[in-house]
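Structural overview
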Amino acid sequence: MSNCATKTFEEFKKLSKKERGDFFGSDSGKLLSVIFAQQFNTDFLRYIFKLAAVIREISITKRGRDHLRTLCSDRVAELFFRQSSTRTRNSFQVACLKLGMQIVLNGDEATESTAKGESELDMAHTLGIYSDLMILRHPEPGFVEEAAWHLAQTGEKIPVINAGSSQDQHPTQALLDAFTMFEHFQQYGGFAGKTITFVGDLRSRTVRSNVYLSRNFPGITFQFCAPENHQIEKDIISFLEKHEIKYRICNQFGRPEITCSDVIYMTRLQNDYDSDDPDRASRVIEGFVFGPTQLEWLRHDAIIMHPLPRRSELDVKCDKDPRIKIWRQTKNGLWIRMALLTIIFGQDNVLKNDVNFASMFIR
Ligand code: NCD
C-alpha cells in the first residue's frame, strides 16, 4: 500500500486508478481494502484462488472448520447494506462467522441517525470506528471508495470491502466469477483463447468488474450481446482497447453467438436504477434469454453463469444441466470472501503453514 500524501478525498479522486489501487492494496500482505477489480493482478488473483481452494478443502473436516474459526476470532465486522442483497450479504456474514468473527448488521434507515439528518458518510465513519472491518453496499456512485478513503485516514486504518457500489463495480462478485471460470477451464487447457459472452443488461456492475479483471487472462475474447440501450459502456470499451483485449458487440443473441462461446454470462435487467416501472421485478429483455432451445446449441465444455438474482432470462428448466454453474458460483462466493478476509487480517500466512499449500491443487 503506497503512502498517499493527498489531504482530501477530492485530491485523492484525481489520482489514477493505479495509484488509488496501490493505496487500497494490490498485493497479498498489503491488502487494506477491496474497492475495485483493477486492484488485482494475475499473481494476486492466482493466490486468492488457491487460498479459496485451500479453505474449501480445510472446511471438509470438523477439525478444519474448528481451526478456521480461530483465525479471525478477535475481529468484528460491520455490514452496512443500503441496497437489497441475498447472496453477497449472506455469504459475507457466513464467511465472517466461519472465521470466528463477530458481525453487526446495519441498513435499516428508519432506526438510524441518518433519519435525523446525519450524512451517510458520518454513518459509515461511525460504524467503521466501532469495528475492524466494514463491508459496504451503496447505491451512490463513488460512495464506497470515499468511505474507504475516510476510514483509511483513521488511526487504525479500518478496511472496507466493496459489496456493490452503485452501477459501477462489484469486485468480490467478479472474483468469485473468475474463480469459477478459472477452475472450470483447468480441465480444458486454461483460460487463454476462450470467449466469454455477456448477455442482457450490460450496465451491470458485475459485468463491469468482470471485464476489468479479465486483463489478467491473456487471449480472452469478449462478446457483448445486448440491445443498443443496454450495451456495454464506453469506458469499458476504452479499457479493452487500451489493453488490446478482443471484443465483439452484438445486438442479438442467437445460435451463432452461443456456439462460439465458452462462457455465457446472463444478467438481469437493471431496471431498479431506472425510473418507476410497474413490472419492475419481472421484466426481461426480449430476445436476450437462455432456455432449453439455447441449451441445445451450447457446446459440451461451455458453461452458463449468472450473478443472480435471476428473473426468467435464465429458465429454471435448464438448471439440471451440469453446464449451469450458478450454484457453484454462489458457493464459491463463500470461499473467495473467506480468502479475502484472511488476507486483510494477515491470517493467510497461518493457512499457508497449515496445509501443503504449494502442492494444493484447485478443485
Ligand atoms: C448482483 C448485484 O447486486 O449487482 N447481485 C449479486 O450481488 N449477486 C447482480 C444484480 O443485482 O443483478
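Residues numbered from 1 in each chain as written. Predicted model: local features only at pLDDT ≥ 70, side-chain atom pairs only at ≥ 80, totals over all residues. Heavy atoms only, no water.

**Considering the pattern of salt bridges**
Within this structure, the stated rule accounts for 22 salt bridges. As a salt-bridge pair, Glu233 and Arg208 come within 3.1 Å of each other at their nearest N and O atoms. Taken together, the positions of Glu233 in the loop between β6 (221–225) and α10 (234–242) and Arg208 in helix α9 (residues 205–214) put the pair 25 residues apart, joining distant regions of the chain. Relative accessible area serves as the criterion here: at 28%, Glu233 is assigned to the partly exposed category. For Asp235, the salt bridge identified is with Arg208, shortest N-O distance 2.6 Å. Of this pair, Asp235 sits in helix α10 while Arg208 sits in helix α9, and the two are 27 residues apart along the sequence. The partly exposed category is assigned to Asp235, whose relative accessible area is 35%. One salt-bridge network, in which partners are shared between bridges, spans Asp168, Arg208, Glu233 and Asp235. (Salt bridge = Lys/Arg side-chain N within 4 Å of Asp/Glu carboxyl O. Helix = DSSP H or I, 4+ residues; strand = E, 2+ residues; numbered from the N terminus. Buried < 20%, exposed > 50% of the residue type's maximum accessible area, 1.4 Å probe, protein only.)

**Section: the sheet that holds strand β4 (residues 160–165)**
Two orientations exist for strands paired in a sheet by backbone hydrogen bonds: parallel and antiparallel. Ordered by their spatial adjacency, 4 strands build an open sheet running β2-β1-β3-β4, and the pairing between neighbours is parallel. Looking along the sheet, the strands with just one partner apiece sit at the ends: β2 (102–106) and β4. Neighbour-to-neighbour, the strand axes of the sheet open up by a mean angle of 15 degrees, direction not taken into account. The pairing of strand β1 (residues 76–81) with strand β3 (residues 133–138) spans 5 bridges and is classified as parallel. Looking at the pairing, Leu79 lines up with Ile135 of β3. (Pairing = 2+ DSSP bridges. Axes fitted to C-alpha atoms, helices over the stretch in contact; angles between N-to-C directions.)

**Brief notes about the layout of surface pockets**
Estimates place the volume of the largest pocket at around 500 Å³. Arg137, Arg205, Arg268, Leu308 and Pro309 are, among the 24 residues lining the largest pocket, the residues nearest its centre. Secondary structure elements with two or more residues in the lining of the largest pocket: α5 (87–98) and α9. Considered as a void within the structure, the second largest pocket measures approximately 340 Å³ in volume. Lining the second largest pocket are 16 residues, with Lys17, Lys18, Gln38, Arg215 and His243 sitting closest to its centre. Those elements that provide at least two residues to the lining of the second largest pocket are α2 (17–24) and α10. Per-element accounting of the lining of the second largest pocket gives the leading share, 4 residues, to α2. (1 Å grid on protein atoms, 1.4 Å probe; cavity = no way out; pocket = protein on both sides within 12 Å on 5 of 7 lines; lining within 4 Å. Points joined across faces, edges and corners; volume = space filled by probe spheres on them.)

**Observations regarding the state of the cysteines**
The tally for this structure, following the rule as stated, stands at 0 disulfides. You can see Cys72 has no disulfide; the closest cysteine sulfur is in Cys96, sitting 8.4 Å from it. Cys72 sits in the buried class, given a relative accessible area of 0%. (Disulfide = S-S within 2.5 Å.)

**Notes on the domain arrangement of the protein chain**
Per the domain assignment, the segments making up the protein chain are domain 1 (9–170 + 331–358) and domain 2 (172–326). Each of domain 1 and domain 2 was reduced to a C-alpha centroid, and the two centroids are 25 Å apart. Opposite the 30 residues of domain 1 that make contact, domain 2 presents 24 residues. For the domain 1 face of the interface with domain 2, the top three residues by lost area are Phe49, Gln167 and His170, together amounting to 29%. In this assembly, domain 1 and domain 2 are joined by 2 salt bridges. (Domains from an automatic or database assignment. Contact = heavy atoms within 4.5 Å. Buried area = accessible area lost by both parts, 1.4 Å probe.)

**Some thoughts on the pairing of β6**
Among the 5 residues of β6, 5 are classified as buried, and the element is accordingly described as predominantly covered. Taking every second residue as pointing to the same face, both faces of β6 are buried, with Thr221, Gln223 and Cys225 on one and Phe222 and Phe224 on the other. By the bridge criterion, 5 bridges tie strand β5 (residues 195–199) to β6 in an arrangement that is parallel. The partner of Phe198 across the bridge, within β6, is Phe224. Since β5 and β6 lie parallel, the crossover through α9 that links them has a hand, and here it is right-handed. Where β6 meets strand β7 (residues 246–250), 5 bridges bridge the pair, whose relative direction is parallel. Bridge pairing in β7 places Gln223 opposite Arg248. Each parallel crossover has a hand, and for β6 linked through α10 to β7 it is right-handed. (Right-handed = clockwise from strand over helix to strand, strands pointing away.)

**Topic: the site of the ligand**
In the neighbourhood of the ligand, the contacting residues comprise Thr88, Arg137, His170, Gln173, Arg205, Thr206, Arg268, Gln270, Pro307, Leu308 and Pro309. Arg137 has a polar side-chain atom sitting 3.0 Å from an oxygen atom of the ligand. Most atoms of the ligand, that is more than half of them, are within 2 Å of grid points of the largest pocket. By residue class, the composition of the shell around the ligand is 3 nonpolar, 5 polar and 3 charged. In this structure, the shell around the ligand is formed jointly by two domains, domain 1 (9–170 + 331–358) and domain 2 (172–326), each of which donates at least three residues. (Near = heavy atom within 4 Å. Polar contact = N/O pair within 3.5 Å; in protein donor to acceptor, adjacent residues only side chain to side chain. Sits in = over half its atoms within 2 Å of the grid points. Nonpolar A, V, L, I, M, F, W, Y, C, P; charged D, E, K, R; others polar.)

**Description of the packing of aromatic side chains**
Under the criterion given, the structure shown has 19 aromatic pairs. Between Phe185 and Phe191 the ring centres are 5.9 Å apart and the planes differ by 40 degrees, which places this aromatic pair in the tilted class. Judged by relative accessible area, which is 8%, Phe191 ranks as buried. Consider the rings of Tyr212 and Phe239, whose centres lie 4.8 Å apart with planes at 85 degrees: the pair is edge-to-face. You can see Tyr212 sitting in helix α9 and its partner Phe239 sitting in helix α10, a full 27 residues away along the chain. Exposure remark for Tyr212: the relative accessible area of 9% places this residue in the buried category. Taking the ring centre of Phe36 as reference, the NZ or CZ of Lys17 above it sits at 4.4 Å. (Phe/Tyr/Trp six-rings, centres within 6.5 Å; stacked < 30°, edge-to-face > 60°. Lys NZ or Arg CZ within 6 Å of the ring centre and 35° of its normal.)

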